[in-house]
Amino acid sequence: MKHLGTGIGWRPEIADAVERMPGIDWVEAVAENLCPGHLPDSLLRLRERGVTVVPHGVSLGLGGADRPDGTRLAALAERAQVLGSPLVTEHIAFVRAGGPLTASQPLEAGHLLPVPRTRDALDVLCENVRIAQDALPVPLAVENIAALISWPGEEMTEGQFLYELVERTGVRLLIDVANLHTNHVNRGEDPAKALDELPVEAIAYVHVAGGFERDGVWHDSHAHPVPEPVLAILSDLAARVSPPGVLLERDENFPAPEELERELSAIRERVRTKAPVSGESATVTAPAAEATEPDPAPDPARQRLALAQTAFLSALVAGTPAPEGFDRARLAVQSRALTGKRADVVAKVAPELPEILGESYRPEFFAYAQARPMTGGYRRDALDFAERLLLAGQPENAEARGALTRWWLERSGPAPLDARPVTRWLRAARFALRRG
């Protein structure tokens, strides 16, 4: 396994600062935010200096009931090749549910959700990981995620689940010590026990990040300083094995570069002072995975997992009843968190919307989201939100309504349609004739 050293998550907002930071050996960039033909100049300059760039995927949904989408896999592979990366990373999570396996409406979470630690989920995950390994030109490492809630009826601890995943697939691990802390606060799981059970020799690198606690719930925000409990878990891990790489994650609310550098120094110190005497980091060699031909029909484990994940996600984003055994209060917290993240990402994808709507953006978006689960990407979500407002005659301010209409027209073609079917048909026909 390549020795990576100390790194930081590359984000456009801190690109200049990252280039100037001393001692940065490598960076990690969100794969879905990169266009292979138009890489940011900052990343190109870093690569020219010999700084390793690792693409970090967030949308594969390897823990979902469906097999990995070939188009998404090809896109991740392309980014790894263009960047000359030694590996790529993804998450042990699901991000969508519904669809053909359940004969129901497809639903998008817009966020990483935990998979149940059951035999069904492990069998599905192992096959999905092997499919991804076959499609990628470099090794794959998968990350443990933070969770607000626990699945009922789990059959394994996180350490046992990850140990068997590695044993069956040879996949490497990206261990996020901040997520271990999150699961300690939210699910009562002992980080030391998790590390005891983990195959630490399979670690490709480690994430370190900050968060905050509210009403007894830890939120893995990536927008706050790294707290001492997270650094303590890093120390515990570093006393067991020398990780090939350690990376600081920060996604928003960026502090001054000097503060980021202080956090990086603290991370280096924890790893250096707690490193095993040998100073060597063990690795595992992933066995060549056999090509997996998709079955013509869903197997029972996939279908059972699909039904469970769809019911769970529907309760979070569509207001359906909570499945039996779940903590309803925690489901409500998770639901609000998903809606808030959805509003935040739409505001980044379409920054004109909060500019046009002002202080009414978030309450209007929350009202929209409660009635409209996300079934596509964030750009589609932004367009649907704007259309819903315009069909309702909103905003009331004529100038703002005009600005929103122009924004929608520039991106959608025809004007937002009246609710009446005849009007919808006439406008659609007129647009088709105009295009013809």
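The structure under discussion appears in the preceding block.
On a predicted model such as this, the values are computed, not experimentally measured, just so you know. Within every chain, residues take consecutive numbers counted from 1 along the sequence as written. Local features are withheld for residues below a pLDDT of 70 in this predicted model, meaning they are given only at 70 or higher, and side-chain atom pairs are given and counted only at 80 or more; totals for whole chains, interfaces and linings count all residues. Remark: hydrogens and water are excluded; side-chain values derive from all non-hydrogen atoms of the structure.

A. Main features of helix 6 (residues 177-187). The classification of residues rests on relative accessible area computed with a 1.4 Å probe and restricted to protein chains. Under 20% of the type maximum is buried, over 50% is exposed, and intermediate values are partly exposed. Think of it this way: any DSSP run of H or I at least four residues long counts as a helix, any run of E at least two long counts as a strand, and we number them from the N terminus. For helix 6, a buried count of nine out of 11 residues is recorded, marking the element as mostly surrounded by other parts of the structure. For helix 6, every residue scored as buried is listed here: Val177, Ala178, Asn179, Leu180, His181, Thr182, Asn183, Asn186 and Arg187. Of the residues flanking the start of helix 6, the one acting as N-cap is Asp176, its side-chain oxygen 2.8 Å from the backbone nitrogen of Ala178. What qualifies as a polar contact is a pair of N or O atoms within 3.5 Å, subject to a donor-acceptor requirement within protein and to the restriction that residues adjacent in sequence count only when both atoms come from side chains.

B. Spatial organisation of unusual backbone geometry. The omega torsion across Gln394 and Pro395 is -5°, close enough to zero to call that bond cis. By the element assignment, Pro395 lies in the loop between helix 14 (378-391) and helix 15 (398-412). A positive phi angle is found at His222, which is not glycine, with a value near 55°. When you line up the elements, His222 lands in the loop between strand 11 (217-219) and helix 8 (228-240). Classification of His222 as buried rests on a relative accessible area of 10%.

C. Just the packing of helix 11 (residues 328-349) against helix 13 (residues 361-371), in detail. Where helix 11 meets helix 13, the axes come as close as 10 Å, and the angle between the chain directions of the two elements is 120°. The angle between helix 11 and helix 13 falls in the class oblique. Crossing hand, helix 11 versus helix 13: right-handed. Contacts from Arg336, Thr339, Gly340, Arg342, Ala343, Asp344, Val346 and Ala347 in helix 11 reach Tyr361, Arg362, Phe365, Phe366, Tyr368 and Ala369 in helix 13. Axis lines are fitted through C-alpha atoms, for helices just across the contact stretch, and the angle between N-to-C directions can take any value from 0 to 180 degrees. Orientation is classified from the angle alone, with under 35 degrees giving roughly parallel, over 145 giving roughly antiparallel, 65 to 115 giving roughly perpendicular, and any other angle giving oblique. Helix crossings fall into two classes, left-handed where the near helix is turned counterclockwise from the far one by less than a right angle and right-handed where it is turned clockwise. In what follows, a contact means two residues having at least one pair of non-hydrogen atoms within 4.5 Å.

D. Fine view of the pattern of salt bridges. Throughout this description, the term salt bridge denotes a Lys or Arg side-chain nitrogen within 4 Å of a carboxyl oxygen of Asp or Glu. With the rule as written, the count across this model stands at 26 salt bridges. Across the pair Glu158 and Arg117 runs a salt bridge, and its minimum N-O distance is 4.0 Å. Of this pair, Glu158 sits in helix 5 (residues 158-169) while Arg117 sits in the loop between strand 6 (104-113) and helix 4 (119-135), placing them 41 residues apart in sequence. For Glu158, a relative accessible area of 12% puts it in the buried group. Note that Arg168 and Asp123 form a salt bridge whose closest N and O atoms lie 3.0 Å from each other. Residue Arg168 is found in helix 5, and its partner Asp123 is found in helix 4; the two are separated by 45 residues along the sequence. The exposure class assigned to Asp123 is partly exposed, which follows from its relative accessible area of 34%. Within the structure, one salt-bridge network assembled from shared partners comprises Arg67, Glu127, Asp299 and Arg302.

E. Main features of the nonpolar core. To define a nonpolar core, start from buried Ala, Val, Leu, Ile, Met, Phe, Trp, Tyr and Cys residues and group those joined through side-chain atoms within 4.5 Å. Within the largest apolar cluster, 88 residues are counted, with the highest numbers of intra-cluster contacts made by Ile8, Val27, Leu140, Leu165, Val208, Leu234 and Phe312. Filtering out sequence-adjacent residues up to four positions away, Val27 remains in contact with Ile8, Trp10, Val18, Leu43, Leu46, Val51, Thr52, Val53, Val54 and Leu247. Counting residues in each nonpolar core, the second largest holds 22 residues, with Ala350, Tyr368, Leu389 and Trp407 among its members.

F. Highlighting the packing of helix 11 against helix 14. Between helix 11 and helix 14, whose axes approach to 9 Å, the crossing angle comes to 90°. What the angle tells us is that helix 11 and helix 14 run roughly perpendicular. Taking contact as the criterion, the partners of Arg342, Val345, Val346 and Val349 in helix 11 are, on helix 14, Tyr378, Arg379, Asp381 and Ala382. Among the residues making up the contact of helix 11 with helix 14, the classes are represented as five nonpolar, no polar and three charged. Under the scheme applied, nonpolar residues are Ala, Val, Leu, Ile, Met, Phe, Trp, Tyr, Cys and Pro; charged residues are Asp, Glu, Lys and Arg; polar residues are all the others, including Gly.

G. Expanded view of helix 13. Burial in helix 13 covers these residues: Tyr361, Phe365, Tyr368 and Ala369. All buried residues of helix 13 lie within an arc of 100° about the axis, which places them on one face of the element. Of the residues in helix 13, the exposed ones pointing more than 90 degrees away from the buried face are Pro363 and Gln370. For helix 13, the secondary structure elements touched by its buried residues are helix 10 (300-317), helix 11, helix 12 (352-357) and helix 14. Taking the helix axis as origin, the arc is that swept by the directions to the C-beta atoms.

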